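# Tertiary structure, described
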Amino acid sequence: QVQLVESGGGLVQAGGSLRLSCAASGRTFSSYTMGWFRQAPGKEREFVAAITRGGSTYYVDSVKGRFTISRDNAANTVALQMNSLKPEDTAVYCCAAELRYGISWVQRPNEYPYWGQGTQVTVSS
């Protein structure tokens, strides 16, 4: 089992940047596929980015070229660097973990059994 704690959210103007971090407990962090999801008020949870144990990365089209997911296995952390932020990026951002390897399912939130509490990101226009 793994516990996840996000940090780094906040209020930023459009065009600005934020870096989210997710700290994981446990000794097998390097084996997990890690994902970032977001949920805006009144909307369904949306896939943002994922990184596999091998370092392959995946992004939703709306953030490609602006967001970068990375992991530091020595520190048991996964980060989401968000640049050129837009008001439509406003949401609660959560990290998630799944031990199973694969790529076909990484965008589906129901495939991840472990979730953090989330961190609020607000982008003002």
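From a predicted model like this one, the values you see are computed outputs, not experimental measurements.

With that settled, the discussion passes to the overall build of the protein. When helices and strands are counted, the protein shows zero helices and eleven strands. In the protein, the succession of α and β elements from N to C terminus is β-β-β-β-β-β-β-β-β-β-β. Computed over the C-alpha atoms, the radius of gyration of the protein is 13 Å, within 12% of the 14 Å expected from 2.2 N^0.38 for a compact globule of 125 residues. Along the first, second and third principal axes, the C-alpha atoms of the protein reach 40 × 25 × 25 Å. Of all 125 residues assigned to the protein, the portion counted as buried reaches 42%. Counted over contacts in the protein with a minimum sequence separation of 6, partners at least 24 positions apart contribute 59%. Of the roughly 6400 Å² that the protein leaves accessible, carbon and sulfur atoms contribute 46%. Charged side chains of the protein number 12 positive and 9 negative; the gap between the two group centres comes to 4 Å.

Here we take up the environment of alanine 24. Position of alanine 24 relative to the elements: it lies in strand β3 (residues 18–24). With eleven residues separating them along the chain, alanine 24 and glutamine 13 place their C-alpha atoms 29 Å apart. With residues near it in sequence (within four places) discarded, alanine 24 still touches Val2, Gln3, Leu4, Phe29 and Asn76.

On to the pairing of strand β5 (residues 46–51), then. Extensive coverage of β5 is indicated by the burial of five of its six residues. As paired elements, strand β4 (residues 33–39) and β5 share five bridges and run antiparallel to each other. Counterpart to methionine 34 in the pairing with β5 is isoleucine 51. Hairpin remark: β4 followed by β5, antiparallel, with six residues in the connecting loop; positive phi at glycine 42, about 75°. The hairpin turn running from β5 into strand β6 (residues 57–59), its antiparallel successor, is five residues long, and glycine 55 in that turn takes a positive phi close to 95°.

Bringing the sheet that holds β3 into the picture now. Read from one edge of the open sheet, four strands run β1-β3-β8-β7, paired in antiparallel fashion. Edge positions in the open sheet fall to β1 (4–7) and β7 (67–72), since each of these has one partner strand only. Across the sheet, the mean angle from the axis of one strand to that of its neighbour is 15°, orientation sign disregarded. Two strands pair when backbone bridges link them, and β1 and β3 are joined in this way by four bridges, in the antiparallel orientation. Residue pairing in the sheet places valine 5 in a bridge with alanine 23 of β3.

Counting 37 residues, the largest nonpolar core has Met34, Trp36, Leu80, Met82 and Tyr93 as the members making the most contacts within it. Put simply, the parts of the chain that give this core at least two residues each are β3, β4, β5, β7, β8 (77–82), β9 (91–98) and β11 (119–124). For methionine 34, the contacting residues outside a window of four places in its chain are Leu4, Cys22, Phe29, Ala49, Ala50, Ile51, Ile69, Arg71, Val78, Ala96, Ala97 and Tyr112.

Rules of the game
Residues numbered from 1 in each chain as written. Predicted model: local features only at pLDDT ≥ 70, side-chain atom pairs only at ≥ 80, totals over all residues. Heavy atoms only, no water. Helix = DSSP H or I, 4+ residues; strand = E, 2+ residues; numbered from the N terminus. Rg over C-alpha atoms; globule rule 2.2 N^0.38 Å. Buried < 20%, exposed > 50% of the residue type's maximum accessible area, 1.4 Å probe, protein only. Contact = heavy atoms within 4.5 Å. Areas by Shrake-Rupley, 256 points an atom, 1.4 Å probe, with all protein chains shown as cover. Lys, Arg positive; Asp, Glu negative; His and termini not counted. Charge placed at Lys NZ, Arg CZ, Asp CG, Glu CD. Pairing = 2+ DSSP bridges. Axes fitted to C-alpha atoms, helices over the stretch in contact; angles between N-to-C directions. Core = buried A, V, L, I, M, F, W, Y, C linked by side-chain atoms within 4.5 Å.

Any functional reading would require information beyond the geometric quantities listed.
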